[in-house]
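Structural overview for review
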Amino acid sequence: MASTSLPRALSGIQPTSASFHLGNYIGALRQWVALQETHEVFYFLADLHSLTLEPPLPADLTYRSRSAAAQLIAAGVNPERSAIFLQSHVGGHTQLSWVLECLTGYGEAQRMTQFKDKMARGAAVSLGLLTYPTLQAADILIYQANHVPVGEDQRQHVELTRNLAQRFNARYGETFVVPDVYITKEAAKILDLQDPSAKMSKSLPEAGTLNLLDDPSALAKKIKRAVTDTETEIRYDPATKPGVSNLLAILAAVTDRSVPALEAEFSGQGYGALKNAVADAVVAFAEPFNSRVAELMADPAEIDRILARGAEQAQPVAAATVTDVYERVGFVPPLGRR
Ligand code: TRP
């Protein structure tokens with residue numbers, strides 16, 4: 001891995017479905033790829049977190065974890081320079097999480113927006129859903145990360161992480177780097193194609209979600225059926241034209257162009273032309289992405305080797321933090337370590 005004088009970036013994503021969607025890519029993964037140029041990076045699949053709602057079937061979790069790793073690599077995370085690993089392979093995350101749980105107020109955890117939203121949906125709620133953000137804080141603090149590239153929905157969890165780092169540091173002495181959330185303006189929030197008042201999400205009906213591993217013809221069809229508005233003008237205005245603005249944001253991200261340049265290009269053209277351009281651009285991205293994922297998934301043993309190498313890079317960093325924290329807290333060090 002690169003020299004340690006670079007700032008550190010850390011992020012995780014849950015392997016909760018068979019395919020990441022375009023919102024995951026534009027909102028987070030693209031930043032992960034870019035940060036490899038400027039940071040020492042640690043990226044992991046939050047398989048522990050993926051048990052916090054209805055736990056997946058074991059075979060599905062196994063498959064999705066490998067598929068998620070393949071998708072990170074196909075998206076441009078380079079395992080030769082970046083540590084890619086599974087959260088469950090590095091025991092320190094849960095060892096640190098316990099200590100942080102004991103520094104987190106019950107009410108503080110209950111006030112997390114994601115927790116409240118999921119509670120409100122009424123499903124059976126596990127204790128893990130409540131402590132989810134403290135595990136996330138442990139994920140971040142254990143690597144002494146400077147920057148945490150995430151989507152907007154994770155901002156509050158990084159805020160909590162900062163608070164816990166400061167709380168620990170104040171009580172036990174400087175231990176943790178206080179991390180900053182890293183959200184660029186390019187990390188646009190991509191909306192559901194059928195309901196552009198909602199974020200694109202795997203929990204909404206299929207028709208509004210562009211899964212990266214969808215068949216390209218299915219992607220094009222979904223884009224052509226995207227909800228727009230009753231006007232005809234192609235203009236970026238998320239408040240009054242969320243559907244059209246969303247299509248412009250997708251096109252801008254996937255083609256690396258600016259929204260104003262696209263508005264100029266499409267001025268005077270109809271929504272059909274915009275949708276065709278978005279469909280072409282998304283398919284041009286998805287086709288090579290799909291073949292790369294298929295190639296990687298044809299050799300799961302190689303994926304496991306990549307994940308093992310990633311865990312080997314992460315492990316000593318994590319273990320050093322846990323040792324330091326456990327000593328500061330006052331746990332008697334195990335004999336072998338003295
Ligand atoms: N909670 C994040 C999500 O659902 C995933 C995650 C787990 C994460 N641990 C993390 C993200 C640490 C950033 C840092 O998207």
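Right, let's walk through the structure included here. All values reported here derive from a predicted model rather than from experimental measurement. (Residues numbered from 1 in each chain as written. Predicted model: local features only at pLDDT ≥ 70, side-chain atom pairs only at ≥ 80, totals over all residues. Heavy atoms only, no water.)

On to the site of the ligand. Within the structure, the ligand sits among 14 residues, and Gln14, Tyr132, Gln136, Asp139 and Gln154 are positioned closest to it. Contact between the ligand and Gln14: an oxygen atom at 3.2 Å from a side-chain N or O atom of the residue. Here Gln154 contributes a side-chain N or O atom positioned 3.1 Å from a nitrogen atom of the ligand. Protein chains shield 91% of the accessible area of the ligand, which is 360 Å² for the free molecule. Those elements that place two or more of their residues in the shell around the ligand are strand E1 (8–13) and helix H6 (127–141). No other element matches the four residues that H6 contributes to the shell around the ligand. Residues of the shell around the ligand, tallied by class, amount to seven nonpolar, six polar and one charged. (Near = heavy atom within 4 Å. Polar contact = N/O pair within 3.5 Å; in protein donor to acceptor, adjacent residues only side chain to side chain. Areas by Shrake-Rupley, 256 points an atom, 1.4 Å probe, with all protein chains shown as cover. Helix = DSSP H or I, 4+ residues; strand = E, 2+ residues; numbered from the N terminus. Nonpolar A, V, L, I, M, F, W, Y, C, P; charged D, E, K, R; others polar.)

Attention now goes to the packing of helix H9 (residues 242–255) against helix H11 (residues 271–297). At a minimum axis distance of 9 Å, the contact between H9 and H11 shows a crossing angle of 35°. Read as a crossing pair, H9 and H11 show a hand that is left-handed. Contact residues: H9 offers Val244, Leu247, Leu248, Ile250, Leu251, Val254 and Thr255, while H11 offers Tyr271, Leu274, Lys275, Ala277, Val278, Ala281, Val282 and Phe285. (Axes fitted to C-alpha atoms, helices over the stretch in contact; angles between N-to-C directions. Left-handed = near helix turned anticlockwise from the far one by under 90°. Contact = heavy atoms within 4.5 Å.)

Moving on to empty space enclosed by the protein. Applying the stated criterion to the full structure yields one cavity of 30 Å³ or more. Of the voids in this model, the largest cavity is the one considered here, and its volume is about 50 Å³. What lines the largest cavity is Gln114, Phe115, Lys118, Leu129, Tyr132, Pro133 and His157. Within the residue set of the lining of the largest cavity, elements represented by two or more residues are helix H5 (113–120) and H6. For the lining of the largest cavity, a count of residues per class yields four nonpolar, two polar and one charged. (1 Å grid on protein atoms, 1.4 Å probe; cavity = no way out; pocket = protein on both sides within 12 Å on 5 of 7 lines; lining within 4 Å. Points joined across faces, edges and corners; volume = space filled by probe spheres on them.)

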